[in-house]
Amino acid sequence: MARVQLQHVWKKYSNDFVAVKDFNLDIQDKEFVVFVGPSGCGKTTTLRMIAGLEDITSGDLYIGDRRVNDVAPKDRDIAMVFQNYALYPHMTVYQNMAFGLKLRKMPKAEIDQRVRAAAKILDIEHLLDRKPKALSGGQRQRVALGRAIVREPAVFLMDEPLSNLDAKLRVQMRAEIRKLHQRIQTTVIYVTHDQTEAMTMGDRIVVMRDGVIQQEATPQEVYNHPKNMFVAGFIGSPAMNFIRGELAEEGGSIYFRTAGISIRLPEGRYAALRQAGVVGRPVVLGVRPEDLHSDELTLETYPDAVVNARVEVVEHMGSELYLHVDASGQPLVARVSARHEMHPGTPLRLAMDLNKIHIFNQETEEAVP
Ligand code: ATP
């Protein structure tokens, strides 16, 4: 069983800097969990505490049923893969993978069996006699994974393992690590600052900021129902549009208003908005670029949510366009099909998909459900 539990975990460094604050998380056996957040948010510190490379200032860490706060790293039944996969240059791939097991005085026959089994899983059997300098970046990363796999740990800890690879290889290795997880069925805790990596790899993602968990949920849940403006802005590319304004109630309807923009919100949301006490107050309306539409059908479906805009910049992304527009002084980004002809200066009407908009309290930055 490789359930990992963190209960009220804090990390204060010797300079009194508090890097992790009251971290609570229950990671299930065989789960793939991704810690994601901007540089300095405490992801690596948390991972290193799980690995035993950093002391826990207070709180409890369990791996399986054991409290491991005071257990040495080598006795925690974990393996860590780092971004600088540091292979020994003078050793062959085989020797690199066998090294840790040899240190543990494992019988030669068992070492051989484990190395060959891992090489097969990773499709590097043909590379076993090569030295690292004769490998590509992706192959080296696979050897680093192999070195961890042969130890048959209960938990894999990975700290930005793909960040030294080029973009194309990263996409490929992303899928390979997912496949690897399906094959070896162990718990994985994966750290990245890249939201795409988090969204595509995690069963569950933990979004962190300044040492505090902002939200932990499935990628879909985090994307569709971000709990606050930080999560909403961090997850998704291009980022969610934020429009500052106010909610006003008139004739039984609730409108979002700001200079040149007036949107009648769907009635289904009124109860929650009233309960949150944001009617008549400053709020932020959030709308993702793909939920702004220029086609006639959406314009007709959402006549209460149309904004007039002018195209400023067109980014061609192949099958779609990213349009940077100006809507009465409000900059917005829309993601539309490349079938539309768009040029800077083109006047444009955009309709928001009212089922997909987000309302945040401007003061607390929390989402109103
Ligand atoms: P990155 O993606 O840049 O690695 P991160 O989210 O992994 O960022 P951490 O490396 O966990 O962040 O660092 C969290 C905070 O703790 C940072 O502000 C960092 O400067 C600080 N920190 C890290 N190590 C120490 C240390 N040994 N002493 C004091 N402060 C530290």
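Residues numbered from 1 in each chain as written. Predicted model: local features only at pLDDT ≥ 70, side-chain atom pairs only at ≥ 80, totals over all residues.

A.B. asks: Is there a simple way to explain the overall build of the protein chain in this structure?
C.D. replies: When helices and strands are tallied, the protein chain shows 10 helices and 21 strands. Once the C-alpha set of the protein chain is aligned to its principal axes, its extents read approximately 80 × 45 × 35 Å. Scored against the burial criterion, the 369 residues of the protein chain give a buried share of 38%. By sequence separation, contacts in the protein chain at least 24 residues apart represent 66% of the contacts at least 6 residues apart. (Helix = DSSP H or I, 4+ residues; strand = E, 2+ residues; numbered from the N terminus. Buried ≥ 20, exposed ≤ 12 C-beta atoms within 10 Å, placed from the backbone. Contact = placed C-beta atoms within 7 Å.)

A.B. asks: When you look at the environment of Gln83 in this model, what are you seeing that I'm missing?
C.D. replies: As for its position among the elements, Gln83 is in the loop between strand S6 (78–81) and helix H2 (93–103). The class of Gln83 is partly exposed, set by 18 C-beta atoms lying within 10 Å. On a C-alpha basis, the gap between Gln83 and Ser163 in space is 6.2 Å, while along the polypeptide they are 80 residues apart.

A.B. asks: Before we go on, may I ask you to explain the nonpolar core in this structure?
C.D. replies: Ranked by internal contacts, the top residues of the largest apolar core, which has 102 residues, are Val34, Leu157, Ile189 and Val207. Mapping this core onto the domain boundaries places at least three of its residues in each of domain 1 (4–234) and domain 2 (241–368). (Core = buried A, V, L, I, M, F, W, Y, C linked by C-beta atoms within 7 Å. Domains from an automatic or database assignment.)

A.B. asks: Mind showing me how you'd approach the packing of helix H4 (residues 137–149) against helix H5 (residues 167–184) here?
C.D. replies: Two quantities define a packed helix pair, namely the angle between the helix axes and the distance between the axes. Their axes nearest at 11 Å, the elements H4 and H5 cross at an angle of 20 degrees. Relative to H5, H4 is oriented roughly parallel. When you trace H4 past H5, the crossing you get is right-handed. Touching Gly137, Gly138, Gln141, Leu145 and Ile149 of H4 are Leu169, Gln172, Met173, Leu180 and Ile184, all from H5. Class assignment of the residues belonging to the contact of H4 with H5 gives a composition of six nonpolar, four polar and no charged. (Axes fitted to C-alpha atoms, helices over the stretch in contact; angles between N-to-C directions. Parallel < 35°, antiparallel > 145°, perpendicular 65-115°, else oblique. Left-handed = near helix turned anticlockwise from the far one by under 90°. Nonpolar A, V, L, I, M, F, W, Y, C, P; charged D, E, K, R; others polar.)

A.B. asks: Before we go on, may I ask you to explain the site of the ligand in this structure?
C.D. replies: Tyr13, Ala19, Ser39, Thr44 and Thr45 are the nearest of the 13 residues found near the ligand. A per-element tally of the shell around the ligand places helix H1 (residues 43–51) first, with three residues. Within the shell around the ligand, the residues separate by chemical class into four nonpolar, eight polar and one charged. (Near = placed C-beta within 6 Å.)

A.B. asks: For this particular structure, what's the right way to read the pairing of strand S18 (residues 330–337)?
C.D. replies: Two faces, one strand: in a regular strand the side chains alternate between the faces of the sheet. The pairing of strand S17 (residues 320–327) with S18 spans eight bridges and is classified as antiparallel. What sits directly across from Leu321, in S18, is Val336. Linking two consecutive strands that pair antiparallel, namely S17 and S18, is a turn of two residues; a positive phi of about 50 degrees is found at Ser328 within it. (Pairing = 2+ DSSP bridges.)

A.B. asks: What is the right way to look at the sheet that holds strand S12 (residues 253–258) in this model?
C.D. replies: Strand order in the open sheet made by the six strands is S13-S12-S11-S14-S20-S21, with antiparallel pairing throughout. Either end of the sheet is taken by a strand with one partner, and the two such strands are strand S13 (261–264) and strand S21 (367–368). Across four bridges, the pairing between S12 and S13 is antiparallel. For Tyr255, the partnering residue across the bridge sits in S13 and is Arg264.

A.B. asks: Would you mind showing me how to read the sheet that holds strand S1 (residues 4–12) here?
C.D. replies: Read from one edge to the other, the open sheet built from four strands follows the order S2-S1-S4-S5, with strand pairing classed as antiparallel. Only two strands of the sheet have a single partner each, and these edge strands are strand S2 (18–27) and strand S5 (66–67). As paired elements, strand S4 (residues 58–63) and S5 share two bridges and run antiparallel to each other. Bridge pairing in S5 links Ile63 to Arg66.

A.B. asks: Explain the UniProt feature "domain: ABC transporter" (unreviewed entry) in the protein chain here, please?
C.D. replies: Within this numbering scheme, the UniProt entry marks residues 4–235 as carrying the feature "domain: ABC transporter" (unreviewed entry). Spanning residues 4–235, this segment combines 37% helix with 25% strand, and its end C-alpha atoms are found 25 Å apart. (UniProt positions renumbered as here; feature names shortened; annotations may be inferred.)

A.B. asks: Looking at this structure, I do not really get the environment of Leu61. What am I missing?
C.D. replies: Tracing the chain through its elements places Leu61 in strand S4. The buried category is assigned to Leu61, around which 22 C-beta atoms lie within 10 Å. Each C-alpha atom, one on Leu61 and one on Met49, is 8.6 Å from the other, the two residues being 12 residues apart in sequence. Those residues in contact with Leu61, other than ones at most four positions away along the chain, are Leu6, Val9, Met49, Ile50, Ile56, Arg67, Val68 and Asn69.

A.B. asks: When you look at the pairing of strand S9 (residues 204–209) in this model, what are you seeing that I'm missing?
C.D. replies: In this structure, strand S3 (residues 32–36) lies alongside S9, joined through four bridges in parallel fashion. Within S9, the residue paired with Val34 across the bridge is Ile205. The sheet contact formed by S9 and strand S10 (residues 212–217) spans five bridges and is antiparallel. Considered in S10, the bridge of Arg209 is made with Val212. If you look at the hairpin formed by S9 and S10, you'll find two residues sitting between the two strands, and Asp210 has a positive phi there, around 45 degrees.

A.B. asks: Help me understand the domain arrangement of the protein chain, please; the structure alone is not making it clear to me.
C.D. replies: Interfaces are often sized by the accessible area lost when the parts come together. Segmenting the protein chain into domains produces domain 1 (4–234) and domain 2 (241–368). Computed over C-alpha atoms, the centres of domain 1 and domain 2 are 39 Å apart. Listed as interface residues are six residues of domain 1 and, on the opposing side, eight residues of domain 2. Of the residues belonging to the side of domain 1 that touches domain 2, the class tally is four nonpolar, one polar and one charged.

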